[in-house]
Structure formats: C-alpha cells, structure tokens
Amino acid sequence: MRRWPVLLFLAWVCLLFFAGIALFMSGFLLTRIELPSSSSCSDPLVPPLWERQSLPPGSCWAPQRFSKAVLVIIDALRFEFAHFNPAKASPLPYENKLSFLHHLTTSQPRHARLYRFRADPPTATMQRIKGLTTGSLPTFIDVGSNFATYAIQEDNLLAQLVQNGRRVIFMGDDTWEGLFPKKFFRSYFFPSFNVKDLHTVDNGILQHLYPTVDSGEWDVLIAHFLGVDHCGHKHGPDHPEMAKKLTQMNEMLRSLVDHLRNDTLLLVAGDHGMTETGDHGGDSEKEVNAALFVYSKKPLFGSGPPEEPEAVPQVNLVPTVALLLGVPIPYSNIGEVMAELFSGDGDTLSAALQQLSVYHINAKQVDRFLRSYSLVAQDLPAEQLQRLQELFSSAVEEHTQLLIQVQGTMPVPPELESRLRNLIGRFQLYLREARAVCTQSWARFQPLRMVGGCTLIAASCLLCYVASELAAVSDSFYRSCLLYPLLWGLVGVFLLGLAHVFTQEGLDLLLVSSWAAAASQLGFFWHWWGRYPKRARLAGGQPPLASVGLRQRLRAWLGMAFPMGILLFRCGAMFSDSFVVAEARVAPFLLASLVMLLVGKLHWDGRLTVPEGPKQQLLGFSSYRREIWYLLCLVAVLLVCMRLSGFFHQCREEIQQCRPSLFLSPLASLRNTRAKNLFYLLCVALLAGLVYAVRSWLRHYGNLNSSDPLVLFVRWGFPLVVLCIACYWAVASSADDSLGKLQELVQVAVVAFPWAVYGLASVGLLLLLCNPMTVFAKDTRESAGSIVTPYLGVPSSEVDFLHVIPQIYKRMQESQKSRLEGASTRATVAAYGLGSVYSAALVIALTLLGFLLMLLHSERLSLAFLLLFLEAFVLLHIHTRARGLAGDAEPFSVPWYAVISWLLAASQFFYSTGHQPIFPAIHWNAAFVGFHLDHSTNLLPAVLVGANTFASHILFAVGCPLLLLWPFVCEMPGSQRKKPKKEPREELQEVEEHMMEMRLRESPEKFSTALLQLGLKYLFVLGTQLLACVCAAMILRRHLMVWKVFAPKFLFESLGFVVSSVCLLLGISLVMRVDCAVSTWFSHLQLR
C-alpha cells in the first residue's frame, strides 16, 4: 500500500484551499487604516484669542471643568439592569437592583442622569474598550483578537491624559494591560478570561478602590468590574446570582459616592449588553443597548432629565471626557460631545455659548481627521466627503460671524439666541453625518484579493473532482500528478522572489504562497490534460455512452444528479440570509431528502423487488425483497434521530419566536433538585450505554479477545473514563453556595476529574497509535510445512507481502477444507478480529474523541452526542444496504450520495450540539474545563473552545474512512443467516468470499487509491460549500446583513473546513497506521 503519496497528495490539496481562504480573508476582512498622528495642545484647533484668554492653567482647547474623574465600567451592564421601574411589583432578578442610581437621578436631577449607551458591533470587550478610548469604530475582524489583544497604537484618551501629566490608576480586567502597556501610574490587574469566576476581579477591585480614592494621589481612576458579565455567561441574566451581583454593584456605587469630592466626575458605564442567554458579540438590540450614568456633586445640567433616557453612541464619551478634563480630543475620534454636560450654572445664553464652543472644537477635530484619512485610505466616498466639507465650511463661517455679533451686542437679542441654537444644530448634523459616512464605508475591501482567493478555492474544487475521477482510471496517477505541480509551485515562488529582489520590495508571504498554489494547480491541470487521452478525461471510469442504452444512461445520470442537486441547492441557499439563519432546519431536511431520493432511485431501478418468474403468483408487498424492510426501518430510525436532534438547538436573534433549548444550560442552573438528579442519572446512563454498545460491537467482531494493551484499555479504561466524567458532572452541577466547608475540595475536584479524563484519553490514543492491532491469533499449526517465499529472509517489501498473504489465506482455507471434508484434523492459524481491524481502530478513536468532546459540553448535551453516534451508525448501514441492493460492482469506490449525506449529518449536528455560526453562541466555558485559574497562553483555550465548537466536524471527519470500510465489515452478517444446507465445497467457497476488510489487502494499490478518492470527494464537498460562502460574502459585501449573517457564516465555514480537513488527514493516517501494523503482524506470522 502506497501510504506517503496519498497523504502528501491530500495535504497538498488542503494547502491549496488554505491559501485561497487566506487570500480571500486578506481582501475581505481588513481592518481600517490607523493614522499615526496624535493631538496636542499646540494644534491650531484652539478657540479664538478672545476666548482662549479665559482658559485656566493646565487646560487645552477648552476650560477644564473637573480635575478628577472616576470611570466605573460594569462589564455587560445592559440598560435594563440600570433602569429602575417603581411600578414593577415583582421584578425579574436583573431588574430594579441598582436603586441607588434611581435615587440620585430623582433627588438630584441637575447632578445625575442615566443614558442609553449604544455600543457599535461587534460587542466584544476588547473592541468596546477601543471604542471607549479612541472614539473610533473597531472593524469586524478585530473580534478575533478579543483574547489575544495587542497594544493600541492609535491616539487615545489614556495617551492624552498621560501626555498631559495626568496620573491614571487602573484596577480590574487585565485586557487593559495588553491594550495600554506602561500607561498607568498604578495598576491592579486581575485575570479576566475565566467566565466561571464571578468574584475574583470584583473583590480585588473593592479591596483597593476606596483607599485609592481617599488617598487623592490620582487624576483619573478606572475600575473595570467583570462579575455581571461572567454571571451572564455562567447563569444568564434571569438567575438569582445576577440579583446578588447587581446588588453588590449597587452597594459599591453607594459607598463610592460617599468618598468622592466636589471636583470629581463619576461615570458608570457598560461596555455592551447581553442576550437572554447571557452572551454577547453580535449586534442584537440587547447586546448593543448598554447603560451610562453620569454624576457630580456640583451641578452638571442646566435642566432636569427628559422623560425617556436619551440614547448616546459610546464614541461620544471620548470627546466629552477629554474636554471636561481639559485635554485634547484624540486625533481619530469621530464621536460627538455630549453638550448638555457643558451647560454649567450660568444662564441660557452662556450655556449655549459654551456648548457652541465645544461643538466648534469637536467639528474642527473631526474635519481634520477626515481630511487626513481620505488622503491615506481613499475609501470614503468623494461625493459624501465633498458634502461634509461644504456643511462644515458654512457652519464655521457662520460661527465666526455670529461670535463677532454676540461680542459686540450686549444684551443679546432673541434672534441671535435662535441663531445660536440653529448653529449648534448644524454642527450636530455635521458630526452625525460624518460618523454615518465612516460607519457605512469603514470596510475597506480589496476586490483583486477577494477574486483571487475565490478563484483559488474554485480551482481547488475542480482539482478534487478531476483527481477523484482519475482515481477510477489509474491506480497510481497521484504519484506522477504530485511531482509536477510541486515543481511548478517551486518555480513560481522562485520567479516571484527574483521579481521582488529586482524591484527591491518586501516579500508578502501571503501573496507568495498564493502564487505558489496557483502555479502548482496550473501544473496539475497541464499534466492532466497532456497525459490522459480525451476519452479518459471526459468519461473517466464510465463505459462509453454509445455502448449502453438510454435507460441505463438515464440511471447513471440520475445517480450523480440527485446527490449533486442536493449539494447545489445547499450551496445556493448560502446566498440567502433567511436560509443561513434557518440552516439548523435546512440541513436535516436536505439529509432526509437525499436518503428518500436514494430509496426512490433504488425502487425505480427495480432493486427493491424480486425478479418475476413464470410461476410467480403473488403481487403487491410480497414481490419486494426482504432487505427492503430492514432498509426502511433504518430510514425511519434516521428520521427519528433527526427529529430528536432538533431539541438541542441554539437560537439566533433574528428568529423572534425561538426559545433556546433547555438542554443547553448546565445542570447547575436547574433549581429543581429532583429534575437535576433525574437528568444527571439519564446522562450517566446514556454515557455508560455508549460504552456498552462500543464494547459489544468490538466483542461481536472478535476485537476484544486479545490481551494487548489497547484491548485491555478498552475493557477497563473506558469504564474508568465514564466514571471520571460522571464524577465531574456531579461536582460541577452542585451549587457553589450549598457546600460550605467542602468548597475547597470541590474546587480541586472540578480540576482533577477533567485532567483524569484528558490523561486517560491521551493514554488510549497513544496505545492506539503505538499498536492499533486488536487481533487475537490462535496458532495450532503443525511444524510440518511452512509458507515459502521466492525471496530470502523476512518479507520486507510490498511485492513480498503480495506473495505471502495469499499463501496465508490459502493455508487457512485448506485447513477449513480439510475440516469440512473430515479428511484431517490438522489446524492452522485462527485470527479473531482480523476482518474488522481497520474499523475497530476508528471506532475506538471516535469513542475516545467523543469522551473528550462531551466533557467540553454541558452535561445534557451528551444526549445529542448519543444521537450523533446513532445517526452515524444508521447512515453507515443505509449506505451498506443501498450498495448491496444496487449490486455495486466497485466496492473500492464510495458513491457521492454517501459522502454528501455524511457531511450533511456533520452540519446538522453542528447545530444540534448547541452552536450557531455567530459569535454570541460560542461556548467560552469550554476553555476552563479542568482549569480553575487563568491560562498563561491563548493557544490552549483556543484549542478547547475550537474543539467544543467544531465537535461534529471532528467526529465525522475522523470517521470518514468508515464509509469505505463498513460495507466490507458487513459481509459477515449476511453469511450467518439461516440458508439451505450446502455441500462442503460450496460452504468453503462462501467462506472464501467473506474475508471482510482483508479483501482490501488483496489489492493494496486499489486500497490506497480508494482512500485517496474518498478524501478528495470529502474535500470537494467541503470546498464547494466553502466556495458558496466565499462567493456570497464577496457578492453581498454591501448587503445590509453582511456583517450580521454572511461574514460570520464565512468565518465559521472557513474554520470548519480547516478543522475538517486536518481531522480527515488524521483519520486516513490512522487507517494507514493500522495497515502498517497488519503488514507487520503478517510478517511475524510468517516467521512462526
């Protein structure tokens, strides 16, 4: 068997897809250009000379109103959490808990005010911190950096404060440490990533908050609390723990106000909101609707609050705080000042003049930024920039004239006051339209890279299809078709490198890899077109159409058209946002449709009925084969599995009537102790049932008879893994506050049991790699007679084994023949489990991976994993029965319908394990299964969260070779049915026919080619789905729902492709490792 050429060819195809994905991403998900400029006190944006003379010392651009400021960020503080409704008699756990804010706004209406604080999506913490400090809009791709933060190089509020000599103290979320290194006068960072920890960050802040405030050795104090956000992730907002955490925040604010001085401004803000499940990251109303509370002990507002709280964009906080503290506005700010905070204690005219002054400064700053940015990026529409420039110029000109009139006219007539209000409105209009233009045009696409990436992916799909068809013509084409493309790719890289050397430009590794991929693809197609004749290129392995009848040609066409039609329908649905939103229901529908079409095609081909003979009298049901009832039962079980899997779906914000599945929440969230215990016992019972089923299957095929380490691990290690998982579920589901003195022991157990599962699973996988043979050989041969090869020594090559293996089979058959004829009782080698040795290794690997993936999910999702394994088992049997009824003459080729149905099942269970292709649906809790403290690196939590998200992709990709192996495994049951008594020689002939998976070793070249063909078909279907998502994102990049639907779908599909392709290579590698072990086993058998 040629192992390395097959793996190298598949790895090369995967790299072609990766290059296309990377190239497309570089053109589609670009961050905006960050300008290196920064503001300073000497900028020509200061007020006129007559007004600048009144600036107090230490003020820049505008008079300083406050010498100190405290910014309290309560992470995920949704507006409903801060709003107080006295009319509610029985509020929810998250309502009416911040009563102190309501007390301040009602008792001191000119000192305090509550706002709706509108966050710009994506609503991830890092992006919101950037918006709160730079006044700009982070782009979509930044969301991937939420837990791998990098320092903000753009001008920001903290940089301005430090630059102007202000002492900034921070305490709380350690995300700020990566964003603003060495910017704080003093800092108290606490680990932020463990979303199960509700108290470490908050208690750490409270320990330092009041002593720091009382010391007075600070100018700006920032405290970032995380308890509310983590409580939402762990329990959701509608939980008693949320009431406790909000009550704690209320008492903290009450005490903090008592410690504040008159010259201090207090800001309490939420960086984003949260959904009903406690998640965030998207742009739903509950995610973007945060709260902002402003308070000062001296009057802030000229009038009382409005009836309904005003909505304020988060970027407006930056220019407001900068001018209130007397520092320049950051250079890239596009926010609008909150003018009502500049009213002061004066009359209406002086308040209007102060507001007009800050608006003028704000508008000049935004105009400067737009001019600088348009020169560098050139992605803002020229027509809209021209309109903004005209609006700004006319407002500034009128501002100059109006100030001259106001300065020369005392008292100010009423018509000038109305002109002041009108001019403030014009500045407001300019600032809001400027922000809208930036928001609409911020995504800076590179169409050439997008088209190039799309072309690379499309060419890779075509390559997969062509290569899979060539595999039916030539068993060894991949060895020659791999060398030439690699040479072409190396030549392309060399020429591109020379071009960069002569042009003295830096090498772009992404472009180099893309050109190398394109050159290697061109080399493959050139070699394929020149080497293989036209008939072989067009017809592949099919007979000429002229030699078959119309009915046969139509059947052959339908056999290809049905599965491909389902695949094309699924790809076409990627262009509709409604289908993408409802894909959790579309995928099982398409799978059921494909299976029903398969049964219909078998009936249309006459494969389900018994051929009518001259004496046949019975009609109707009696004319059908007996196998059809077994096939229909399998289809019914499949439909039931798909129906039950719908109970585990996560909801999207776009589906208003949807309610999240109760099975998604952990058992710890259940308040009914009896229900919790029943669910726990059910989950453990099903987990034990899975182990029992796997061991029964292995025992049935003879793979549990030996005493090898792997077999012993399956016997004793599997139950031990189940015990550890059950203990972990028991400890994790117990309430934290009901254990008292056992709390420390529970914390140790929550970490120890997952690590025990990790260790046991790792041991099992290592044993599987070291010795994957689960065969028990019983040797009772006589010394007389040996197996002789025409070569000296131990067989060491494929040619030797091709000669040896048939002789071993022959010796076994002769022994069976002599036993049947009764001529001799001389025995030979009895090998138990040899016929299913490949499938047994894959089943063991899938079971171990299933244990790990179930551990990373909530307890009740183990029911979904049981359905996953059952549905995969049913699909394999449907595939085997359909091939048997169709009389497929090519056992080494997996039909297209089997591959497409396998991948549709993978997509179905992506949704049925509680996932959606949106960022709020990511299960971040998986990063801390087995970890109590924060991670020292981002790699491990990324792997854990990725494994949780793409669990179905991992299992179905690793198990993909079963599509090839299962029909050979299922040869045995057919021979065990009761049949008419046969002559001994006929029975011997039937024994010879049922060699199961050992039939694969009769033709090693066909076996390796079959694995390659299966891998290429799998990559073709994956690549076609990816191509549809890429084209949808590229064509609909200006669509209203691009960042809400199409871009997240593209990202999840791309990551799913990467995970699936890597796991496919691992699954095929495991089969080849088993084949290598089988060859070694036969060589040892030859020496006996």
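See the structure above.
Calculation rules
Residues numbered from 1 in each chain as written. Predicted model: local features only at pLDDT ≥ 70, side-chain atom pairs only at ≥ 80, totals over all residues. Heavy atoms only, no water. Helix = DSSP H or I, 4+ residues; strand = E, 2+ residues; numbered from the N terminus. Buried < 20%, exposed > 50% of the residue type's maximum accessible area, 1.4 Å probe, protein only. Contact = heavy atoms within 4.5 Å. Areas by Shrake-Rupley, 256 points an atom, 1.4 Å probe, with all protein chains shown as cover. Disulfide = S-S within 2.5 Å. Axes fitted to C-alpha atoms, helices over the stretch in contact; angles between N-to-C directions. Parallel < 35°, antiparallel > 145°, perpendicular 65-115°, else oblique. Nonpolar A, V, L, I, M, F, W, Y, C, P; charged D, E, K, R; others polar. Salt bridge = Lys/Arg side-chain N within 4 Å of Asp/Glu carboxyl O. Phe/Tyr/Trp six-rings, centres within 6.5 Å; stacked < 30°, edge-to-face > 60°. Lys NZ or Arg CZ within 6 Å of the ring centre and 35° of its normal.

Describe the overall build of the protein, and please don't skip the residues or the numbers.
Each helix and strand in the protein was counted, giving 37 helices and ten strands. Each of the 1088 residues in the protein was classed as buried or not, and the buried ones make up 56%. Across the protein, every contact between residues at least 6 apart in sequence was considered, and the portion connecting residues at least 24 apart equals 80%. Element-wise, carbon and sulfur atoms account for 62% of the exposed surface of the protein, whose accessible area totals about 46100 Å².

Describe the state of the cysteines, naming the residues involved and giving the relevant values.
Two cysteines form a disulfide when their sulfur atoms are joined by a covalent bond. Following the criterion strictly, the structure yields one disulfide and no others. For C41, the disulfide goes to C60, at an S-S distance of 1.5 Å. Disulfide C41 to C60: torsion about the S-S bond roughly 75 degrees, handedness right-handed. Here C60 lies in the loop between α2 (49–52) and β1 (68–74) and C41 lies in the loop between α1 (4–28) and α2, a separation of 19 residues in the sequence. Here C41 falls in the partly exposed class, since its relative accessible area comes to 32%. In this model C14 remains outside any disulfide bridge; the closest cysteine sulfur is found in C464, 8.0 Å from its own.

Describe the packing of helix α29 (residues 862–886) against helix α30 (residues 896–912), listing the residues and the values that go with them.
Running from N to C, α29 and α30 point in directions that differ by 170 degrees, and their axes come no closer than 11 Å. As the angle between them shows, α29 and α30 are arranged roughly antiparallel. Contacts between α29 and α30 involve A864, L867, L868, E871, A872, L875, L876, H879, A882 and R883 from the first element and Y897, A898, S901, W902, A905, Q908, F909 and S912 from the second. Taken together, the residues of the contact of α29 with α30 break down into twelve nonpolar, four polar and two charged.

An account of the side chain of E1053 is requested, with residue identities and associated values reported.
Counting through the fold element by element, E1053 comes out in helix α37 (residues 1042–1087). The class for E1053 is buried, based on a relative accessible area of 11%. The contacts of E1053, once residues within four sequence positions are left out, are Q1025, L1026 and C1029.

Let's hear about the environment of R419: which residues, and what values?
As for its placement among the helices and strands, R419 is situated in helix α15 (residues 414–441). R419 sits in the partly exposed class, given a relative accessible area of 26%. Sequence spacing of R419 and H399 is 20 residues, and the spatial spacing of their C-alpha atoms is 9.7 Å.

Quick rundown of the packing of helix α25 (residues 709–733) against helix α28 (residues 837–855)? Include the residues and the values.
At a closest axis distance of 11 Å, the pairing of α25 and α28 adopts a crossing angle of 10 degrees. In this view, α25 runs roughly parallel relative to α28, as classed from their interaxial angle. For the pair formed by α25 and α28, the contact residues are L710, F713, V714, F718, V721, V722, I725, Y728 and W729 on the first element and I844, T847, L848, F851, M854 and L855 on the second.

Hey, could you go over the pattern of salt bridges for me, with residue numbers and the actual values?
Within this structure, the stated rule accounts for 18 salt bridges. A salt bridge links E285 to R118, with the shortest nitrogen-to-oxygen separation between them at 2.6 Å. Of this pair, E285 sits in helix α11 (residues 285–288) while R118 sits in strand β2 (residues 112–118); the two residues are 167 residues apart in sequence, bridging distant segments of the chain. Residue classification places R118 among the partly exposed positions, given a relative accessible area of 28%. Between E217 and R186 there is a salt bridge, with its nearest N and O atoms 3.6 Å apart. With a gap of 31 residues between them, E217 in the loop between α8 (200–215) and β5 (220–225) and R186 in strand β4 (residues 186–190) connect regions that are remote in the sequence. Given a relative accessible area of 44%, E217 falls into the partly exposed group. On the basis of relative accessibility, which here comes to 26%, the residue R186 falls in the partly exposed class. If you follow the salt bridges from partner to partner, you end up with R78, E80, E276 and K286 in one network.

Before we move on, could you go through the packing of aromatic side chains and cite the residues and values that matter?
For the structure shown, the criterion picks out 38 aromatic pairs. A centroid spacing of 5.0 Å and a plane angle of 70 degrees characterise the contact between F24 and F1050, whose relative ring orientation is edge-to-face. Here F24 is found in helix α1, whereas its partner F1050 is found in helix α37, with 1026 residues between them in sequence. Of the two residues, F24 and F1050, neither departs from the other in class, the shared state being buried. Aromatic side chains F910 and Y911 sit 5.1 Å apart centroid to centroid with 85 degrees between the ring planes, which places their arrangement in the edge-to-face category. Ring pairing ties together the aromatic residues F170, W176, F180, F184 and F189, which thus form one cluster. Here the guanidinium or amino end of K1017 rests over the ring plane of W896, the centre of that ring lying 5.1 Å away.

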